[in-house]
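Chain residues, written in single-letter form:
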Amino acid sequence: MSLEYVNKNKLKAWKTKFYNAVKELKKTLPYKFNYYLVESSSRNLILAEKDGKFDMDYQLHFNYDDNINCEHLKKELFDLFQRYFKKEDNWNCDDSTSAITIKKIKNDTKKDFIFNYDVVIWALCNLSRPIIL
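Predicted, not measured: the structure shown is a model, and the values here were computed from it.

Now for the nonpolar core. Of all hydrophobic cores here, the largest spans 35 residues; its most connected members are F62, F81 and Y117. Those elements that place two or more of their residues in this core are α1 (8–28), β4 (54–62), α2 (70–85), β5 (91–95), β6 (100–105) and β7 (113–123). Element by element, the count of residues in this core is highest for α2, at eight residues.

Next up, the structure:
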């Protein structure tokens, strides 16, 4: 398998797309959170496969707030991301065990994707240490 680094100009458009989605989430959600690029994404060291596929990893950090219902937070975020990305063609959201995966797909086939975001949600939820939802 041949891998190449994705250039920063190409990454900028994908980062902007996610930033705009987060702006919409922040307008909708009643509580505050921060988001971060993580792993290789945080250092602009993203590798693309031979066919050009690559992903970016994000974390959303929620601090404890009496208004946060942690049991429903991931579903609420999933629904909001799905609504935001469905405004355009060929986007698909999947709720996996530890992340929300948002894919830009080719030709309406979920397996054939161009790019994806993996979004992990961290929340305190009455605990002294964060948990992944």
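Having seen the model, we can carry on.
As a further point, take the packing of aromatic side chains. Throughout the structure, instances matching the rule amount to 17 aromatic pairs. An aromatic cluster is defined as three or more aromatic residues linked by ring pairs; in this entry it consists of W14, F18, Y35, F54, Y58, F81, Y84, F85, W91, F115 and Y117. Of note, K26 hangs over the ring of F33, and the distance from its end group to the ring centre comes to 5.0 Å.

When two helices pack together, their arrangement is given by the angle between their axes and by how far apart the axes lie. The geometry of α1 relative to α2 is characterised by a closest axis approach of 10 Å and an angle of 125° between their N-to-C directions. Regarding the angle of α1 to α2, the classification is oblique. α2 is crossed by α1, and the crossing has right-handed handedness. Facing α1, whose interface residues are K17, F18, N20, A21, E24, L25 and T28, α2 presents L77, L80, F81, Y84 and F85. Split into classes, the residues belonging to the contact of α1 with α2 amount to eight nonpolar, two polar and two charged.

Another point: α2. Structural remark: α-helix, 3.6 residues per turn; residues separated by three or four positions point the same way. Its 16 residues place the ends of α2 23 Å apart at the C-alpha level, agreeing with the 22 Å of an ideal helix rising 1.5 Å per residue. Among the residues of α2, those classed as buried are C70, L73, K74, L77, F78, L80, F81, Y84 and F85. The buried residues of α2 occupy an angular sector of 165° when the element is viewed end-on, so they sit on one face. Facing away from the buried side of α2, by more than 90 degrees, are the exposed residues E71, K75 and R83. In this fold, the buried residues of α2 make contact with α1, β4, β5, β6 and β7.

As a further point, take the pattern of salt bridges. On inspection of all chains with the given rule, the structure shows five salt bridges. Put simply, K27 and E24 hold a salt bridge, and the shortest N to O gap is 3.4 Å. With a gap of three residues between them, K27 and E24 both fall in helix α1, about one helical turn apart. Using a relative accessible area of 64% as the deciding quantity, one classes K27 as exposed. Residue classification places E24 among the partly exposed positions, given a relative accessible area of 32%.

Together, L3, Y5, L45 and L47 line one region of the surface with nonpolar side chains, adding up to about 390 Å² of accessible area. With respect to the helices, strands and loops of the structure, L47 is situated in strand β3 (residues 47–48). Relative accessible area serves as the criterion here: at 39%, L47 is assigned to the partly exposed category.

Reading guide: rules and limits
- Going along each chain's sequence as written, the residues are numbered from 1 onward.
- Only residues with pLDDT of at least 70 get local features here, since the model is predicted, and only at 80 or more are side-chain atom pairs given and counted; chain-wide, interface and lining totals rely on the full set of residues.
- Each side-chain value is derived from all of the structure's non-hydrogen atoms; neither hydrogens nor water enter the calculation.
- What makes a nonpolar core is a set of buried Ala, Val, Leu, Ile, Met, Phe, Trp, Tyr and Cys residues whose side-chain atoms join them at distances within 4.5 Å.
- Burial status follows relative accessibility: with a 1.4 Å probe on protein chains alone, a residue under 20% of its type maximum counts as buried, one over 50% as exposed, and anything between as partly exposed.
- Here a strand is any run of E in DSSP of at least two residues, a helix any run of H or I of at least four, and the numbering for each starts at the N terminus.
- Classification of ring pairs uses Phe, Tyr and Trp, with its six-membered ring standing for Trp, and accepts pairs whose centres are within 6.5 Å; under 30 degrees between planes counts as stacked, over 60 as edge-to-face, and the remaining range as tilted.
- In this scheme, Lys NZ or Arg CZ marks a charge over a ring once it lies within 6 Å of the ring centre and within 35 degrees of the ring normal.
- Every angle, taken between N-to-C directions, lies between 0 and 180 degrees, and every axis is a line fitted to C-alpha atoms, over only the stretch in contact when it is a helix.
- Orientation categories follow fixed angle ranges, with anything under 35 degrees roughly parallel, anything over 145 roughly antiparallel, 65 to 115 roughly perpendicular, and all other angles oblique.
- Here a crossing is taken to be left-handed if its near helix is turned anticlockwise relative to the far helix by less than a right angle, and right-handed if that turn runs clockwise.
- In what follows, residue pairs with any heavy atoms lying within 4.5 Å of each other are defined as contacts.
- Residues were grouped as follows: Ala, Val, Leu, Ile, Met, Phe, Trp, Tyr, Cys and Pro as nonpolar; Asp, Glu, Lys and Arg as charged; and all remaining residues, including Gly, as polar.
- What a helix is expected to span follows from its residue count: subtract one and scale by 1.5 Å.
- Throughout, the arc means the angular range of directions from the helix axis out to the C-beta atoms.
- Salt bridge criterion: a side-chain nitrogen from Lys or Arg within 4 Å of a carboxyl oxygen from Asp or Glu.
- Each patch is built from residues that are more than 30% exposed by relative accessible area and take part in no salt bridge. Like charges join if they lie within 9 Å; nonpolar side chains (Val, Leu, Ile, Met, Phe, Trp, Tyr) join within 5 Å.
- We get accessible surface area from the Shrake-Rupley algorithm with a probe of 1.4 Å; when it comes to residues, only the shown protein chains can shield them.

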